[in-house]
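# Architecture and fold: a report
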Amino acid sequence: MPIAYIVKRYPRYSETFIVNEILAHESAGQQIVIYALLPPQDSHFQDTISRVRAPVTYLSAKADRASQFWELQKKVAQRFSNVWQVLGEFPKASAREILQSLELSEHVGKEEITHLHAHFATTSTTVAQITSAITGVPFTFTAHAKDIFHQDVDREQLARKFQDAHCAVTVSDFNVNFLTEQIGVPKRNLTRIYNGLDLSQFLYVSPEVREPIICAVGRLVEKKGFEVLIEACQILKHQAVRFQCHIIGSGDLYQRLEEKIEALGLIDCVSMLGALPQREVKQKLHQSSVFAAPCIVGRDGNRDGMPTVLLEAMAMGTPCISTDVTGIPEVLEHQKTGLMVEQNSPNDLAKALKRLLLDGRLRREIAQRARHKIEQEFDVDKSAQRLRDCFALVDSSLPSSAVGK
């Protein structure tokens, strides 16, 4: 029976982990249907999108007329008589979330969907949560980073989502500790499952002999720490270290970063490449001596969970430098599977970059251990199987009469 994946936008350039997960489910024979709350905005997408077989339905973002909204409510109520009571239990839900929950409830009945899974504990989980309450179909969700840490997160609503979910997943032990200690989520309500990679798509190549290229990939937002990287590059240039730095990605800080590169006299050695297709990102990573992910905790509390591209670089044999933000130390162990530096420290970052740029043997040793770590703990087939085990445990624990009540 099909499992519905509810996401805010699909496809999305930065969310390779969702695509990886869906492909792993499909490879194991699980039927997936995707429901997106909003259409895509990006200009580039992962090459792996073309391999996804799941159909995609875009739920209505708004009703053209109030009467249309009212008719939908009455139509859903004919099948699920509790709809009026349920809607009254979610006074903070937006009109769009209510509309999309009603529409998704219709799909649940027609498509005989047996399980709902949402990514990110924000609006997609709200829609899954309300739909589950209406239809009786169990819902689960995966919480990642901004949906937990950002200062605008409504902690009361977040806690209720973990309480209502039939199983709640998060992507690092750090997140588990944060949610239990800061949000008050009982540990028994949480399952930690790392985002995984399809390792057959990430060929390992020894980095011992490579050009002195630093690669950084990510959305151009504060939490990625790219300003720190540019300042570190200025230090390397003053030390007469030979290198090129390629920053791949798009985002709100593009112009600001370009201006900083120019102001620091780094146009000859630091390049902003914009967003690139995944195959080109892989090529850049394979050509680079170092991958830099100088993540920081933003002023709004936002921070990375576990950057997928960090895992990809480690899998492909490109030695990585990062910081102790959230779950990163769970994969990047200092001087074993990578180099760890202090957040917001251009000097520390420059020292680590210089070490790896100049020492091919160190690059090789770190890369070998990193690949082994990824194989052991971040294989998407294993992660997806654990998630399906959660789904199966939930579904088997419910009486058949609970679905489609």
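Scroll up to find the structure this text is about.
The notes below deal with the structure included here. (Residues numbered from 1 in each chain as written. Predicted model: local features only at pLDDT ≥ 70, side-chain atom pairs only at ≥ 80, totals over all residues. Heavy atoms only, no water.)

In this section: the overall build of the protein chain. Each helix and strand counted, the protein chain has 15 helices and 13 strands in total. In terms of C-alpha radius of gyration, the protein chain reaches 22 Å, essentially the compact-globule figure of 22 Å for 405 residues. Projected onto its principal axes, the C-alpha positions of the protein chain cover 75 × 40 × 40 Å. Taking all 405 residues of the protein chain together, the buried fraction comes to 58%. Partitioning the intrachain contacts of the protein chain with sequence separation of at least 6 by distance along the chain shows that 74% fall at a separation of at least 24. Where the 47 positive side-chain charges of the protein chain centre and where its 48 negative ones centre are 1 Å apart. (Helix = DSSP H or I, 4+ residues; strand = E, 2+ residues; numbered from the N terminus. Rg over C-alpha atoms; globule rule 2.2 N^0.38 Å. Buried < 20%, exposed > 50% of the residue type's maximum accessible area, 1.4 Å probe, protein only. Contact = heavy atoms within 4.5 Å. Lys, Arg positive; Asp, Glu negative; His and termini not counted. Charge placed at Lys NZ, Arg CZ, Asp CG, Glu CD.)

It is at 11 Å that the axes of helix α7 (residues 155-164) and helix α8 (residues 173-183) come closest, and there the two elements cross at 120°. When the axes of α7 and α8 are compared, the pair comes out oblique. Here the hand of the crossing between α7 and α8 comes out left-handed. Contact with α7, carried on its side by Arg-155, Leu-158, Ala-159 and Phe-162, involves Phe-178, Leu-179, Gln-182 and Ile-183 of α8 and no other residues of that element. Its residues placed into classes, the contact of α7 with α8 shows six nonpolar, one polar and one charged. (Axes fitted to C-alpha atoms, helices over the stretch in contact; angles between N-to-C directions. Parallel < 35°, antiparallel > 145°, perpendicular 65-115°, else oblique. Left-handed = near helix turned anticlockwise from the far one by under 90°. Nonpolar A, V, L, I, M, F, W, Y, C, P; charged D, E, K, R; others polar.)

Our focus in this paragraph is unusual backbone geometry. Following Tyr-10, the chain continues into Pro-11 via a peptide bond in cis, with omega recorded as -10°. Among the structural elements, Pro-11 can be located in the loop between β1 (3-9) and α1 (16-27). Unlike most non-glycine residues, Gln-335 shows phi in positive territory, near 65°. Relative to the helices and strands, Gln-335 is located in the loop between β12 (320-322) and β13 (339-340). For Gln-335, a relative accessible area of 42% gives the class partly exposed.

Once that is clear, we can look at helix α13 (residues 346-358). Taking 1.5 Å of rise per residue, 13 residues should cover 18 Å, and α13 covers 18 Å from first to last C-alpha, within 8% of that figure. Within the sequence span of α13, burial applies to Pro-346, Leu-349, Ala-350, Ala-352, Leu-353, Leu-356 and Leu-357. Buried residues of α13, viewed axially, fall in a sector of 165°; they line one side. Set apart from the buried face of α13 by more than 90 degrees, the exposed residues are Lys-351 and Leu-358. In this fold, the buried residues of α13 make contact with β8 (213-217), α9 (226-238), β11 (290-293), β12, β13 and α14 (360-377). (Expected span 1.5 Å × (residues − 1). Arc of directions from axis to C-beta.)

Taken in spatial order, the seven strands line up as β3-β2-β1-β4-β5-β6-β7 in an open sheet, and their pairing is parallel. What marks the edges here is a single partner per strand, and that holds for β3 (56-58) and β7 (190-192). Across this sheet, the average inter-strand angle for adjacent strands is 25°, counted without regard to direction. Its contacts with the sheet put helix α15 (residues 380-397) on β1, β4 (115-119), β5 (139-143), β6 (167-170) and β7, and the angle it makes with β4 is roughly 140°. (Pairing = 2+ DSSP bridges.)

Within this structure, the stated rule accounts for zero disulfides. Note on Cys-295: no disulfide assigned, nearest cysteine sulfur contributed by Cys-320 at a separation of 11 Å. Considering cysteine sulfurs only, Cys-167 is the nearest to Cys-390, which forms no disulfide, with 3.7 Å between them. (Disulfide = S-S within 2.5 Å.)

Turning to the environment of Tyr-254, a few remarks are in order. Relative to the helices and strands, Tyr-254 is located in helix α10 (residues 254-263). For Tyr-254, a relative accessible area of 27% corresponds to the partly exposed category. Residues Tyr-254 and Ile-193, 61 residues apart in the sequence, show an inter-C-alpha distance of 33 Å. Look past the residues within four positions of Tyr-254 in its chain and what remains in contact with it is Leu-220, Gly-249, Met-272 and Gly-274.

Moving on, we come to the pattern of salt bridges. This structure, assessed with the given rule, holds 20 salt bridges. When the shortest N-O distance is used, the salt bridge between Asp-268 and Lys-237 registers 3.0 Å. Of this pair, Asp-268 sits in the loop between α10 and β10 (270-274) while Lys-237 is found in helix α9, placing the two residues 31 residues apart along the sequence. What makes Lys-237 partly exposed here is its relative accessible area of 32%. Through salt bridges with shared partners, one network takes in Glu-227, Glu-231, Arg-256 and Lys-260. (Salt bridge = Lys/Arg side-chain N within 4 Å of Asp/Glu carboxyl O.)

Under the definition given, this model contains seven aromatic pairs. Centroid distance Trp-70 to Trp-84: 5.7 Å. Interplanar angle 40°. Geometry classified as tilted. A residue pair is termed long-range when its members are at least 10 positions apart, and Trp-70 in helix α2 (residues 66-79) and Trp-84 in helix α3 (residues 83-88) qualify at 14 residues. The class of Trp-70 is partly exposed, set by a relative accessible area of 44%. Grouping aromatic residues by their ring pairs yields a cluster made of Phe-139, Phe-141 and Phe-162. The ring of Phe-149 has Arg-303 sitting right over it, with the charged end atom 4.5 Å from the ring centre. (Phe/Tyr/Trp six-rings, centres within 6.5 Å; stacked < 30°, edge-to-face > 60°. Lys NZ or Arg CZ within 6 Å of the ring centre and 35° of its normal.)

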